[in-house]
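# Descriptive structure summary
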Amino acid sequence: MNSTAGSHGHHISRQYNADLEEVKKHMLEMGGKVEKQLADALDALIRADSGKASGVISEDDVIDSMEMKIDEECNLIIARRQPAASDLRLVLAIIKAIRDLERIADESSKIAKAAIKVSEQGELPNGLIEFRTLGQQVQRALNTALDAFVRHDAEAALSVVQDDQDVDNEYAIAMRAMITYMMEEPSSISHVLNVLWALRAMERIGDHAKNICEHVVYMVVGTDIRHEKLENIADRLSG
Amino acid sequence: MEEAADNREQTQDPQTDESVEAGHAAENVTEEELNPICIEIRKLNLFYTKHVHALRDIHLDIPRNKVTAFIGPSGCGKSSLLRCLNRMNDLIDDCKIKGKIRIDGEDIYHKQVDVANLRRRVGMVFQKPNPFPKSIYDNVAYGLRIQGIGSRRILDEIVENALRLAALWDEVKDRMDANALELSGGQQQRLVIARTIAVQPEILLLDEPASSLDPISTLKIEELINDLREKYTILIVTHNMQQAARVSDYAAFMDMGNMIEFDSTDTLFTNPSEKQTEDYITGRYG
């Protein structure tokens, strides 16, 4: 089914084609907006830029509105069209993915709030920039997840699911670095605590990107791989 | 039909291994668990004339006490297939059937099969309600009287049970002598179902049973199908895909006389394996 799943056109009803394309477009616009929120939040934290961080926080309402609008569009498609098969899986994947996107935006706001607190205490010492790798990893995961959604690429989606372990490992490394820093510099504890909140938010963003990829796999091949052990996923997909 | 009969493959022993094994089964095992397949269709081909090949090499196992829905575009052969199961096609001139259909292991096209008895075991309900121009009571009692049941007490009991099963009893119990044609379309269809189940069939064939009914009557028929599934093996042909998705346990998609896909309804409507099925149920160009 994968060969046709990427295209949600060719329905006898042209309006149905248009409705599905429109909701997909809106979901991707929301994805792009969330990507920007995350990038801005991370940048604000690294640069201790409270202005940029405030922008991220105020934009969160826009993301919330987008989520509600797309939800409503999906509800109407279900009520009016009773989608089946790949169409149904697309609508379900969008409903689930926008929830994860909204949560990623919330986590980005948390990073932005941490950035504001950091800025109040001055720039971060070099030793505290350990979170940059983690930030890049989760940005890449989100980007790949959205790309996989557009291209209906289950393989790319699966790579994010598999790489989530690396995100968790990087999170553990960064945590250890922070703890070491606090032990060496007890005066920096309040500074470091802000970074810890941001680290936690990044790790959660990685989880949400992974969730989106699981929805992509379901959308493309119809197999639910949530809660499945990594080593069993390949068997599930081939079976 | 002589020619048709000549074209049918004959079985020497209509009893299958499964039904032999049934005699040795442990107690407490239901027929459904013991012998989950009710109807076996093997290499079934149906020709209405030399040039109209309506069914092509159909191979299918219909599960017992489940609802199986047949979907597909007009002329795909789904109604023809249904009519093969109680030999309604015997009534059509020049109709030829090849292949085998076994119900409970018995070849229904075997020359010794009593077709009238087969049609009692395999009841059929059509698109347009067709009650007889008689009283409600007489409609339901009709088949029983043909079977020779004359006792009013027994008839009363069976008629009431059949009407209750068909979810019509409460609506007609005070006017059993009224003409059946006075009932609404939805009530007439439920009356026809009551008439069909009064003779205690094993299988119900429903050929678009709700397509001439309004949405509320349609939902009542669907609710009735849901209630009947424990007692009967039900096969339903419908043009309404949502109806197939709502009422059936298994679904078959047919196109141009071919069985394209047969699977659990859950799978067929969420993740079909054939592109043709996907295109049809999602309303795409074929």
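In this convention, every chain numbers its residues from 1, walking through the sequence in written order. As they are written, the chains are lettered A onward and the ligands numbered 1 onward, keeping that order. For a predicted model such as this one, the threshold for reporting local features is a pLDDT of at least 70, and the threshold for listing and counting side-chain atom pairs is 80 or more; totals across whole chains, interfaces and linings nevertheless cover every residue. As a convention, hydrogens and water are excluded, and side-chain values are obtained from all of the structure's heavy atoms.

### Remarks on the sheet that holds strand 4 (residues 96-103) of chain B
Residues and elements named next belong to chain B. Being paired, for any two strands, means DSSP has found at least two bridges between them. Only DSSP runs of H or I reaching four residues or more are called helices, and only runs of E reaching two or more are called strands; each is numbered from the N terminus. Spatial ordering of the open sheet is given by 2-1-4-5, a layout of 4 strands whose pairing is antiparallel. Every other strand in the sheet has two partners, leaving strand 2 (53-63) and strand 5 (106-107) as the edge strands with one partner each. The pairing of strand 1 (residues 37-47) with strand 4 spans 7 bridges and is classified as antiparallel. Directly across from Phe-47, in strand 4, lies its bridge partner Lys-96.

### Some points on the pattern of salt bridges
Residue and element names in this part refer to chain B. Here, a salt bridge means any side-chain nitrogen of Lys or Arg that lies within 4 Å of a carboxyl oxygen of Asp or Glu. The tally for this structure, following the rule as stated, stands at 29 salt bridges over all chains. Between Arg-229 and Asp-249 there is a salt bridge; the shortest N-O distance is 2.7 Å. Of this pair, Arg-229 sits in the loop between helix 10 (215-228) and strand 8 (233-237) while Asp-249 sits in the loop between helix 11 (241-247) and strand 9 (250-255); the two residues are 20 residues apart in sequence, bridging distant segments of the chain. Think of it in three bands: residues with accessible area under 20% of the maximum for their type are buried, residues over 50% are exposed, and the middle band is partly exposed, with areas taken using a 1.4 Å probe on protein chains only. Its relative accessible area of 16% is what places Arg-229 among the buried residues. Its relative accessible area of 25% is what places Asp-249 among the partly exposed residues. The structure contains a network of salt bridges with shared partners spanning Arg-64, Asp-104, Glu-106, Arg-121 and Glu-202.

### Topic: the packing of aromatic side chains
All names here are of chain B. Stacked, tilted and edge-to-face pairs are distinguished by plane angle, under 30 degrees for stacked and over 60 for edge-to-face with tilted covering the rest, among Phe, Tyr and Trp rings (Trp via its six-membered ring) whose centres lie within 6.5 Å. By the definition in use, this model includes 3 aromatic pairs over all chains. Look at Phe-132 and Tyr-142: their rings are 4.5 Å apart centre to centre, the planes differ by 50°, and that puts the pair in the tilted class. Remark: Tyr-142 occurs in helix 6 (residues 136-146) and Phe-132 occurs in the loop between strand 6 (122-125) and helix 6; sequence separation between them is 10 residues. Since its relative accessible area comes to 36%, Tyr-142 is described here as partly exposed. For the ring pair Tyr-250 and Phe-262, a centre distance of 5.8 Å and an interplane angle of 15° mean the geometry is stacked.

### Focus on a nonpolar patch on the surface
For patches, a residue must show more than 30% relative accessible area and have no salt bridge; joins then use 9 Å for like charges and 5 Å for nonpolar side chains, namely Val, Leu, Ile, Met, Phe, Trp and Tyr. All accessibility values rest on the Shrake-Rupley procedure with a 1.4 Å probe; residue burial counts only the protein chains present in the view. A cluster of nonpolar residues, A:Ile189, A:Leu193 and A:Trp197, forms a patch on the protein surface that exposes about 320 Å² of accessible area. Its location among the elements puts A:Leu193 in helix 7 (residues 189-221).

### Considering the pairing of strand 4 of chain B
Residues and elements named next belong to chain B. As paired strands, strand 4 and strand 5 are joined by 2 bridges and run antiparallel to one another. Counterpart to Arg-102 in the pairing with strand 5 is Asp-107. Counted along the chain from strand 4 to the antiparallel partner strand 5, the turn is 2 residues long, and its residue Asp-104 has a positive phi close to 50°.

### A look at the environment of B:Asp279
Residue and element names in this part refer to chain B. Here Asp-279 lies in helix 13 (residues 275-281). Asp-279 gets classed as buried once you look at its relative accessible area, which sits at 7%. Along the primary structure Asp-279 and Arg-87 are separated by 192 residues, whereas in three dimensions their C-alpha atoms are 32 Å apart.

### Details of the nonpolar core
Ranked by size, the top nonpolar core spans 70 residues in total, and within it A:Met27, A:Ile94, A:Ile111, A:Phe149, A:Leu199, A:Met202 and A:Ile212 carry the most contacts. At 15 residues, helix 7 of chain A tops the list of elements feeding residues into this core. Not counting residues up to four positions away in its chain, the partners in contact with A:Ile111 are A:Leu38, A:Ala41, A:Leu42, A:Leu45, A:Ala198, A:Ala201, A:Met202 and A:Ile205. Counting residues in hydrophobic clusters, the runner-up holds 50 residues, among them B:Ala69, B:Leu155, B:Ala180 and B:Ala198. Buried residues of nine kinds, namely Ala, Val, Leu, Ile, Met, Phe, Trp, Tyr and Cys, make up a nonpolar core once their side-chain atoms join them within 4.5 Å. Contacts are residue-level and defined by heavy atoms, with any inter-residue pair within 4.5 Å sufficient.

### Section: the sheet that holds strand 6 of chain B
All names here are of chain B. Taken together, 6 strands build an open sheet; the order of strands is 6-7-8-3-9-10 and the sheet is mixed. Two strands lie at the open edges of the sheet, namely strand 6 and strand 10 (258-264), each paired on one side alone. Each neighbouring strand pair of the sheet contributes to a mean axis angle of 15°, computed without reference to strand direction. Looking at chain direction, strand 9 and strand 10 are connected through 6 bridges and run antiparallel. What sits directly across from Phe-253, in strand 10, is Glu-261. Those strands touched by helix 9 (residues 185-198) are strand 6 and strand 7 (203-207), and its axis lies near 170° from that of strand 6. Helix axes use the C-alpha atoms of the stretch in contact, all axes being lines fitted to C-alpha atoms, and the angles between their N-to-C directions lie in the range 0 to 180 degrees. In this fold helix 10 packs onto strand 3 (67-71), strand 7 and strand 8, with an angle of close to 150° to the strand it touches most, strand 8.

### Here we look at the packing of helix 3 (residues 50-81) of chain A against helix 4 (residues 85-120) of chain A
Relative to each other, helix 3 of chain A and helix 4 of chain A sit at 170°, their axes nearing to 9 Å. Taken as axis vectors, helix 3 of chain A and helix 4 of chain A run roughly antiparallel relative to one another. An angle below 35 degrees is treated as roughly parallel, one above 145 as roughly antiparallel, one from 65 to 115 as roughly perpendicular, and anything else as oblique.

### Here we look at the side chain of A:Asp60
With respect to the element layout, A:Asp60 can be found in helix 3. For the buried residue A:Asp60, which engages in no salt bridge, the nearest side chain bearing the opposite charge is A:Lys113, 7.2 Å off. In this tally, Lys and Arg are treated as positive and Asp and Glu as negative; His is ignored, and so are the chain termini.

### Quick word on the side chain of A:Glu67
Mapped onto the fold, A:Glu67 is located in helix 3. A:Arg99 provides the closest opposite charge to the buried, salt-bridge-free A:Glu67, at an N-O distance of 5.1 Å.

### A short note on the confidence of the model for chain B
Residues and elements named next belong to chain B. Scored from 0 to 100, pLDDT records how confident the predictor is in each individual residue. Put simply, chain B has an average pLDDT of 89, and 90% of its residues get 70 or more. Confidence scores differ between elements of chain B, with helix 1 (residues 2-7) showing the lowest mean pLDDT of 44 and strand 3 the highest of 98. Every residue in residues 1-23 scores below 50 in pLDDT, and together they form 39 contacts with partners more than four places removed in sequence or on other chains. Both confidence scores are given for the complex: pTM 0.82, ipTM 0.78.

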